[in-house]
Amino acid sequence: MIRQQTDSKSSDWKHYNVEDEAPLLEWLLKHVSSESRTKLKATLKGRGIRVNGKTTTQFDFALHPGDQVGISQKKKEEGLNNRYVSIVYEDRWLVVVNKNTGILSMAAGHSTLNVKTVLDDYFHRTRQKCTAHVVHRLDRDTSGLMIYAKDKVTEMALEADWHNIVYDRRYVAVLSGEMSQDEGTIASWLKDNKAYYTYSSPTDNGGKYAVTHFHVLDRTAYHSLVEFRLETGRKNQIRVHAADMGHPVCGDQKYGIPGDDPIHRLCLHAWILCFVHPVTHRRLEFSTPLPPLFKLSNIEKRK
């Protein structure tokens, strides 16, 4: 039998004695029938669960007979409230965020708005003894999913085996013009010049080999909505390969067609990110909705 206890110091917590071994979330779902799965997961993510008096956000934290679980009864405010960044997933080793346009992945120069600074401030406010470590980047005007490590060891583990850890990474983009092919693959060598412009070559130019797979989701006579799956992750890879196909990303001020800027932003969004957790080895899969303005029917109405 699970015994619920009342905290004598505060009515904001309920305590339970553990009598069987189980991962924390599994135990909560079995024994705290008054709360839904969604609510329990939100409470855990929001630092509203204690084990033996210590806060944990680890859903697979190992419970043992004699442990005491505390559940916060106080409604918590959202830990991160920022117009540019929202947290999709968080545990003790890493955080997955959804980045909006208009913010850098990390600092570049003085007083620049960047995701790392936003996360570091959030970690400080929530009394987490960690900082955000960048393991991959999105351009300022590209939106979508990103991973940040919470410590150097996790960062190094992600970077050392990135291409095996991340087994599915997809973007969606609005391209200029009507694509004739439904799907295909484009490959080339990419190399930057001194002005940081990335050049593409069908033969080895001393740069890095890049492979991009594409699949057309929708098309009109003026634009194409295309999903890209990265086999490699090179700088500006999708933007350069889209331009190579003769259908650059709309709103791309560097590689695009001048004037084809239907929604006044770079039309590139990282919408699927799937990877094996570097510590727990669990498969984690995330997706974000297609930005509404990317729908071609909406774009054509604006013309």
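Predicted model, so just to flag it, every value in this text is computed and none were measured. Note that residues are indexed from 1 along each chain, following the sequence as it is written. Totals for whole chains, interfaces and linings use all residues, but because this is a predicted model, local features are given only for residues with pLDDT of at least 70 and pairs of side-chain atoms are given and counted only at 80 or more. Working from all heavy atoms in the structure, the side-chain values ignore hydrogens and water.

Quick notes on the layout of surface pockets
Where empty space is left can be seen by rolling a probe of water-molecule size over the atoms.
And then number 1: Here a cavity is any set of points on a 1 Å grid over the protein atoms alone where a 1.4 Å probe fits but cannot get out, and a pocket is any open set with protein on both sides within 12 Å along at least 5 of 7 lines; a residue lines the site when it has an atom within 4 Å of a point. Grid points are joined across faces, edges and corners, and a volume is the space filled by probe spheres set on the points. Considering only enclosed or pocket space, the largest pocket measures out at about 1,100 Å³ in volume.
And then number 2: Forming the boundary of the largest pocket are 38 residues, of which Arg137, Asp139, Arg234, Lys235 and Asn236 lie nearest the centre.
And then number 3: Every element with two or more residues in the lining of the largest pocket is listed here: helix H5 (162–165), strand E12 (166–176), strand E13 (183–192) and helix H6 (237–244).
And then number 4: Side-chain classes follow a simple rule in which Ala, Val, Leu, Ile, Met, Phe, Trp, Tyr, Cys and Pro form the nonpolar group, Asp, Glu, Lys and Arg form the charged group, and the remainder, Gly included, forms the polar group. Residue classes in the lining of the largest pocket are distributed as 13 nonpolar, eleven polar and 14 charged. Secondary structure elements are taken from DSSP: a helix is a run of H or I of four residues or more, a strand is a run of E of two residues or more, and numbering for both begins at the N terminus.

Some words on the pairing of strand E14 (residues 198–201)
And then number 1: When DSSP finds two or more bridges between two strands, those strands count as paired. Where E13 lies against E14, four bridges are found, and the strand directions are antiparallel. Across the sheet, Trp189 pairs through a bridge with Ser201, a residue of E14.
And then number 2: Turn length for the E13-E14 hairpin, with the two strands adjacent in sequence and antiparallel, is five residues, and the turn residue Tyr196 shows positive phi of about 65 degrees.

Notes on helix H1 (residues 24–31)
And then number 1: When accessible area is computed with a 1.4 Å probe and restricted to protein chains, residues below 20% of their type maximum are described as buried, those above 50% as exposed, and intermediate ones as partly exposed. Among all positions of H1, only Leu24, Leu25, Trp27 and Leu28 are buried. All buried residues of H1 project into a common sector of 160 degrees when viewed along the axis, lining one side. Set apart from the buried face of H1 by more than 90 degrees, the exposed residues are Glu26 and Lys30.
And then number 2: Taken together, the buried residues of H1 touch strand E2 (13–17), strand E3 (22–23), helix H2 (37–45), strand E4 (49–51), strand E6 (62–63) and strand E7 (68–72). In this description, the arc belongs to the directions extending from the helix axis to the C-beta atoms. Two residues form a contact once any of their heavy atoms are found within 4.5 Å.

Observations regarding the packing of H1 against H2
And then number 1: Two elements in contact, H1 and H2, have axes separated by 10 Å at closest approach and are oriented at 140 degrees. In this view, H1 runs oblique relative to H2, as classed from their interaxial angle. The crossing of H1 and H2 is right-handed. Residues Leu24, Leu25, Leu28 and Leu29 of H1 lie in contact with H2, whose contacting residues are Arg37, Leu40, Lys41 and Leu44.
And then number 2: For the contact of H1 with H2, a count of residues per class yields six nonpolar, no polar and two charged. Working convention: axes come from line fits to C-alpha atoms, limited for helices to the stretch in contact. Angles between N-to-C directions cover 0 to 180 degrees. Working rule for angles: under 35 degrees goes down as roughly parallel, over 145 as roughly antiparallel, 65 to 115 as roughly perpendicular, anything else as oblique. The hand of a helix crossing depends on one turn: near helix anticlockwise from the far one by less than a right angle means left-handed, and clockwise means right-handed.

Structural measurements only, silent on function.
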